[in-house]
Amino acid sequence: MEITTRSWTQAIALVDCDNFFVSCELLLNPKLKGKPVCVLSNNDGCVISRSKEAKRLNIKMGEPVFLARKRVPEAIYLSSNFHHYGIVSDKIMNILKSFTPEVEVYSIDEAFVDLTGVRQMFKKPYLEIIKDIREKVLKETGIPVSIGVSLSKVLAKIATKIAKDKSDGLFSISGKELRETLPKISIGSIWQIGHNTESLLLKHGIDNAYKLACQDEKWVEKTLTKKGLELQMEMKGYSIWKVDTKGQEIKGIQRTKSFASSTNDKEIIRGALFYHLHKALTELRRKNLKAGLLSIMLRRKDFQSFSLNTIIDPPSNFEFDFTNRINSLFNNLYKEGLYRSCGIHLTNFTSGETEQLNLFSQTLSLSNKKKESLAETWDSIEQRFGKQSLRTASMPSLNYLDKRAIRGIETFSSFEYLPEVR
Ligand SMILES: [Mg+2]
């Protein structure tokens, strides 16, 4: 057994937003602070984020909303608004990158940050640095985060879990503290250990992180494969899984939603496709990306789904370049029948700057500069006046997308979702 006692050969932090979706909703409506608030999944199916107060009322993660409402009618249940959460997430990630470029966006509300060496620059201990990060994120975005820092990703995950239960939201595990901390960490709570591995290890009497760290390496590799051995090394304080700053550009954007009830109304379905397209393109513009492939998907009432795709050449992030494509894909794909949902998928991204000139393009009737400034204006009008203030002539009237037709779709600004606050 050899657990490192060297301190800080590496310093990896995990920044995890607290109750992220609910925290984002509180930014829009501060009156909800201190109340039991839940955010619901697409189509308002189940609870996916809970405020402290909602957790205290024993509302469970993933609980179906009809059960939660019955059990805890006094809680406030909100439809999700992923567009808004994405904007807040981007802001937070950019703040992290102001400390070091070594940031791996792990999910919408979590990021690994390699702080190795940053200590010399800031001339303070790592615990002080993560305190600065926490304060800056809170001050500039209003979102509370928990941060753990340790020698590897696996240990950073453990540190963050401990940080969640601390009032200052911070925790650090140095090499010297491993012996003291690891025995308190149950085997099933370790990142990357699933149910099957957990029961296997329990069968061998390995019920905490310290016991796994102390296991014979050969046994670990034989029983848990090479990945298990890497995990063990990480737990001993060796950083095997590096913070990956590359390879995290988004590969595709998919937007799908079910209709409130199955429909055969072509205009409702086409309208929903345009709605999804517009939301996806807004996101692409925000990230300065252009899509080179568009797919549309229709799912029938019997769950059979059909899709078609088309190349967008040159790649674009502007509605006008997609309108005819969506119309023709839809006309080819639609057959009489009842449909339960539809969606679009954009992929083959290129960065906004590295666009290739295509001499055969049919979309040059509007110069790229003009398109860009039109798109920017569109986005800023929406930001000020709400979604769907504008539409292109070839888009169907979005009045079609009334609340009755498409339940849970984010056609309306999230303010309208907020229930009366008593
Ligand atoms: Mg979180």
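Residues numbered from 1 in each chain as written. Predicted model: local features only at pLDDT ≥ 70, side-chain atom pairs only at ≥ 80, totals over all residues. Heavy atoms only, no water.

Draft legend 1. A look at the overall build of the protein chain. Per the secondary structure count, the protein chain includes 14 helices and twelve strands. Per-residue burial over the protein chain gives 50% buried out of 422 residues. Look at the contacts in the protein chain between residues 6 or more apart in sequence, and 67% of them connect residues 24 or more apart. A total of about 21000 Å² of accessible surface is found on the protein chain, and carbon and sulfur atoms cover 52% of it. (Helix = DSSP H or I, 4+ residues; strand = E, 2+ residues; numbered from the N terminus. Buried < 20%, exposed > 50% of the residue type's maximum accessible area, 1.4 Å probe, protein only. Contact = heavy atoms within 4.5 Å. Areas by Shrake-Rupley, 256 points an atom, 1.4 Å probe, with all protein chains shown as cover.)

Draft legend 2. Region of interest: the environment of Gly62. For Gly62, the location among the structural elements is in the loop between α2 (52-56) and α3 (65-71). Considered as a pair, Gly62 and Val47 are 15 residues apart in the sequence and their alpha carbons are 4.9 Å apart. Discounting chain neighbours no more than four positions away, the residues touching Gly62 are Cys46 and Val47.

Draft legend 3. Quick look at the side chain of Thr310. Looking at the secondary structure, you find Thr310 in strand β11 (residues 305-316). With near-sequence residues (within four places) excluded, Thr310 lies in contact with Gly292, Leu293, Leu294, Arg325 and Leu329.

Draft legend 4. Up close: the pairing of strand β1 (residues 12-17). The buried fraction of β1 is high, at six of six residues. Here β1 shows two buried faces, one formed by Ile12, Leu14 and Asp16 and the other by Ala13, Val15 and Cys17. Summarising the sheet, β1 and strand β7 (residues 145-150) pair through six bridges and their orientation is antiparallel. Within β7, the residue paired with Val15 across the bridge is Ile147. Examined bridge by bridge, β1 and strand β6 (residues 110-114) share five bridges and lie antiparallel to one another. Bridged to Ile12 within β6 is Asp114. (Pairing = 2+ DSSP bridges.)

Draft legend 5. Fine view of the nonpolar core. Formed by 66 residues in total, the largest nonpolar core has its most connected members in Phe20, Leu96, Leu115, Ile190 and Leu212. A per-element tally of this core places helix α4 (residues 82-99) first, with seven residues. With sequence-adjacent residues up to four places away left out, Leu115 is seen in contact with Ala11, Ala13, Thr100, Tyr126, Ile129, Ile130, Ile133 and Val149. In this structure, Ile253, Phe259, Leu281 and Ile296 belong to the second largest nonpolar core, which totals 28 residues. (Core = buried A, V, L, I, M, F, W, Y, C linked by side-chain atoms within 4.5 Å.)

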